[in-house]
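# Working through the structure, step by step
Here are the chains, one letter per residue:
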Amino acid sequence: MFTNAIVRQPAKSMIEGLSEANLGSPNYQLACEQHAGYVKALIECGLSVTVLDAVEEFPDSCFVEDVALFTPTCVILTRPGAPTRQGEVAHIEAAVRSTGKTIEVIEAPGTIEAGDVMMVGNHYYIGLSDRTNANGAEQLIGLLNKYEMTGSVVEMSEMLHLKTGLSYLEGNNLLACGEFVNKAEFQQYELTEIPMANSYSANSVWINGTVLVPAGFTETSAAVKAMGYGVIEVPMSEFQKLDGGLSCLSLRFSI
């Protein structure tokens, strides 16, 4: 169960953010409205939400998930693989330290973006992507082992991040699309395939028995409801334009 979340207001500079989506530039005002709706959904799921100020220097800084990984016993400050995002770590550190959790750090030449990390119990799957390299994954596994957790790498070649195409919903249920559907390491779960036409909704978020699903993906919402979860549909169009999904916008944890 989660008790808290940290989010960051979108910066006006988000229109200059990294993107491979080819969906056009985001509308800043609409993005702020959608972000407020996202925060409302987190609160409805029972979380106490800390909203950090925008950082104009970093267009992608609202995607706080990538710069820190919360575990039950520690927080690991990452080292993003996108050079333009590496400075974001310093801006999240104070908020992370305020939680009172032990802090660990990924160091050069390792790179990790936590969008490439999926937690299932005490095990963490780590996608090797353009943003997360083998050295970073090795460091992360070493830190997890230090706190009696485990990690393993997942080879990938198509998705931006591991969680671009995967969501673990607790209760042994997994949403998967594209290259992850037939991966051997995920066959132990009750896997629901998300068609590539709906791939954006593969990044949905379980929070205390409710699943946040991006609005407009009725088939995914129906499939999640059929598993027995409550569903909150959250408009995300402006963040989709920046390759950002539901999990990207918050750090969720318990204290």
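Here is a short report on the structure shown in this document.

## Here we look at the sheet that holds strand 10 (residues 173–176)
Pairing within the open sheet is mixed, and its three strands lie in the order 9-10-11. A single partner strand is all that each edge strand has here, and the edge strands are strand 9 (166–168) and strand 11 (190–193). Averaged over all adjacent pairs, the angle separating strand axes in this sheet is 20 degrees, with direction ignored. Bridge count for strand 9 against strand 10 is three bridges, and the pairing is antiparallel. Bridge assignment links tyrosine 168 to a residue of strand 10, and that residue is leucine 174.

## Observations regarding helix 1 (residues 28–44)
Spanning 17 residues, helix 1 covers 24 Å between terminal C-alpha atoms, matching the ideal 24 Å at 1.5 Å per step. Restricting attention to buried positions, one finds in helix 1 the residues Ala31, Cys32, Gln34, His35, Tyr38, Val39, Ala41 and Leu42. A distance of 3.1 Å separates the backbone nitrogen of glutamine 29 from a side-chain oxygen at the start of helix 1, and that oxygen is part of asparagine 27. With its phi angle positive at about 95 degrees, glycine 46 sits one or two positions after the end of helix 1.

## Description of the nonpolar core
Leu42, Met118, Phe180, Phe186 and Leu212 are the most contacted members of the largest nonpolar core, which has 52 residues in total. Those elements that place two or more of their residues in this core are strand 1 (4–8), helix 1, strand 6 (117–120), strand 9, strand 10, strand 12 (205–207), strand 13 (210–214) and strand 14 (230–234). Ranked by the residues each element gives to this core, the list is headed by helix 1, at five residues. Sequence-distant contacts of phenylalanine 180, that is, excluding residues within four places in its chain, are made with Val154, Met156, Met159, His161, Leu162, Gly165, Leu166, Phe186 and Leu191. Ranked by size, the runner-up nonpolar core spans 16 residues in total, among them Cys74, Val117, Tyr124 and Leu143.

## Observations regarding the sheet that holds strand 5 (residues 102–105)
If you walk across this open sheet you meet the three strands as 3-4-5, and the pairing is mixed. Two strands close off the open sheet at either side, each with one partner strand: strand 3 (68–70) and strand 5. Strand-to-strand, the axes of this sheet are offset by a mean angle of 20 degrees, without reference to chain direction. Here four bridges tie strand 4 (residues 74–77) to strand 5, and the two strands are oriented parallel to one another. If you follow leucine 77 over to strand 5, its bridge partner there is valine 105. Packed on one face of the sheet, helix 3 (residues 134–146) meets strand 3, strand 4 and strand 5 and runs near 155 degrees to strand 5.

Criteria and cut-off values
Numbering of residues starts from 1 in each chain and follows the order in which that chain's sequence is written. In keeping with the predicted nature of the model, local features appear solely for residues at pLDDT of at least 70, side-chain atom pairs appear and are counted solely at 80 or more, and the whole-chain, interface and lining totals rest on all residues. Only hydrogens and water are set aside when side-chain values are computed; all heavy atoms of the structure are taken into account. Any two strands with at least two DSSP-identified bridges between them are counted as paired. Helix and strand definitions here come from DSSP, where helices need a minimum of 4 consecutive H or I residues and strands a minimum of 2 consecutive E residues; each element is numbered from the N-terminal end. Here, axes are lines fitted to C-alpha atoms. For helices the fit covers the stretch in contact, and angles between N-to-C directions go from 0 to 180 degrees. Here the expected length of a helix is defined as 1.5 Å per residue gap, with one fewer gap than residues. Each residue is placed in one exposure class: buried if its accessible area under a 1.4 Å probe, protein chains only, is under 20% of its type's maximum, exposed if it is over 50%, and partly exposed if it falls in between. Polar contact criterion, stated in full: a pair of N or O atoms within 3.5 Å, where within protein one must be able to donate a hydrogen and the other to accept it, and residues adjacent in sequence count only if both atoms are side-chain atoms. In these notes, a set of buried Ala, Val, Leu, Ile, Met, Phe, Trp, Tyr and Cys residues joined through side-chain atoms within 4.5 Å is what counts as a nonpolar core. Should any heavy atoms of two residues lie within 4.5 Å, those residues are considered in contact.

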